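# Structural characterization, general
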Amino acid sequence: MAEISTENSTENTKIALVTGANKGIGYEIAAGLSRLGFRVGVGARDAGRREDAVAKLTAEGHDVFGVPLDVTDDASVAAAAAQLDAAGGLDVLVNNAAITGGMPQEPTRVSAGQVLAVVDTNVVGVIRVTNAMLPMLRRSPSPRIVNVSSTVGSLTLQTAQAAAVGPISAAYSPTKSYLNAVTIQYAKELAGTGILVNAGCPGYVATDLNGHQGTRTPEQGAAIFLELATLPDGGPSGTFRDETGIQPW
């Protein structure tokens, strides 16, 4: 299938993988990285949506290829890593794939199964994918790991009395707090390796995740992740930020 071609366009082209890239912010991150000269793997679990996204991005002139990827499945993640290795390795990993878990989200009403499903995708999925891709990232001259988080996961902002940050959520929001904590641990372990690991918040973007109620476009939301993906060597690691700067944990 053309959408999973692994032939490199040039030997020196940097390669990026964006998970959950078939729509929304992930799609715009993939497009943005392509504009910056990357060859981009469009990671998505749904074959039809993945193929449609690759076809659309290719028609727009982007250098992309499809990567079948279900972040909750070990075999799928391993196969994706093997595909990228055959494509020439990996320089940038953007962990974007996430689910909300549906409603209700109030802690007195949410189900244990609901919470576990969200954690498996939004946190454990990031660990699965990151660990599978790390051997390739270690070989890159300028490796970057970017985690798509949210200020709804900021404990500081969640407990601020001036204004509420996001709705009451016992599934989705806590997974972003967990993801932020995991980001710190990766940054600590990988300190000194040249692999920069950071988390970012896109702001309140209109996507399927929130029923398109957001006030920002996916392209606006993608900007911070393009910045984190292209930080200079020796740049910051273990940070959480949005387009205005560092955000509180």
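Read on for a plain summary of the structure.

Scoring rules and cut-offs
- Residues numbered from 1 in each chain as written.
- Predicted model: local features only at pLDDT ≥ 70, side-chain atom pairs only at ≥ 80, totals over all residues.
- Heavy atoms only, no water.
- Axes fitted to C-alpha atoms, helices over the stretch in contact; angles between N-to-C directions.
- Helix = DSSP H or I, 4+ residues; strand = E, 2+ residues; numbered from the N terminus.
- Parallel < 35°, antiparallel > 145°, perpendicular 65-115°, else oblique.
- Left-handed = near helix turned anticlockwise from the far one by under 90°.
- Contact = heavy atoms within 4.5 Å.
- Core = buried A, V, L, I, M, F, W, Y, C linked by side-chain atoms within 4.5 Å.
- Buried < 20%, exposed > 50% of the residue type's maximum accessible area, 1.4 Å probe, protein only.
- Expected span 1.5 Å × (residues − 1).
- Pairing = 2+ DSSP bridges.
- Nonpolar A, V, L, I, M, F, W, Y, C, P; charged D, E, K, R; others polar.

Our focus in this paragraph is the packing of helix α4 (residues 112-139) against helix α6 (residues 172-189). At a minimum axis distance of 8 Å, the contact between α4 and α6 shows a crossing angle of 25 degrees. Here α4 lies roughly parallel to α6, going by the angle between them. The handedness of the crossing between α4 and α6 comes out as right-handed. The residues of α6 that touch α4, namely those facing Val118, Val119, Asn122, Val123, Val126, Ile127, Thr130, Asn131 and Leu134, are Tyr172, Thr175, Tyr178, Leu179, Val182 and Tyr186.

With that out of the way, let us pick up the nonpolar core. Formed by 29 residues in total, the largest nonpolar core has its most connected members in Val18, Ile29, Leu33 and Val94. If you list the elements that add at least two residues to this core, you get β1 (15-18), α1 (24-35), β2 (39-44), α2 (47-59), β4 (92-95), β5 (144-148) and α7 (218-229). Formed by 27 residues, the second largest nonpolar core is a distinct cluster that contains Phe65, Ala81, Met136 and Leu137.

Take α7 next. Residues spaced three or four apart along an α-helix point in a common direction, a consequence of the helix completing one turn every 3.6 residues. For α7, built from twelve residues, the straight-helix expectation of 16 Å at 1.5 Å per residue is met to within 8% by its first-to-last C-alpha distance of 17 Å. Those residues of α7 that fall on the buried side of the exposure criterion are Gly221, Ala222, Ile224, Phe225, Leu226, Leu228 and Ala229. Next to the buried residues of α7 lie α1, β4, β5, β6 (196-200) and β7 (240-242).

Next up on the list: the sheet that holds β7. Strands sit in the order β3-β2-β1-β4-β5-β6-β7-β8 across an open sheet of eight strands; the sheet is mixed. Only two strands of the sheet have a single partner each, and these edge strands are β3 (64-68) and β8 (245-246). Of the pairings in the sheet, the one linking β6 to β7 comprises two bridges and is parallel in character. The residue of β7 that forms the bridge with Ala199 is Phe240. The strands touched by α6 within the sheet are β5, β6 and β7, with β6 carrying the most contacts at an inclination of about 165 degrees. Contacting β4, β5, β6 and β7, α7 runs over the sheet at an angle of about 160 degrees to β5.

This part is about unusual backbone geometry. A negative phi holds for most residues other than glycine; trans holds for most peptide bonds. In this structure, Pro104 follows Met103 across a cis peptide bond, with omega equal to 0 degrees. Tracing the backbone shows Pro104 in the loop between β4 and α4.

Across the interface, α1 lies against α7 with an axial gap of 8 Å and an inter-helix angle of 50 degrees. One element, α1, and the other, α7, form an angle in the oblique class. The two elements α1 and α7 meet at a crossing, and its hand is right-handed. On α7, the residues that touch Gly24, Ile25, Glu28, Ile29, Gly32, Leu33 and Arg35 of α1 are Pro218, Glu219, Gly221, Ala222, Phe225, Leu226 and Ala229. Looking at the contact of α1 with α7, its residues break down into eight nonpolar, three polar and three charged.

Now for the environment of Ala98. Mapped onto the elements, Ala98 comes out in the loop between β4 and α4. Here Ala98 falls in the partly exposed class, since its relative accessible area comes to 25%.

Shape is all these values report; function is a separate question.
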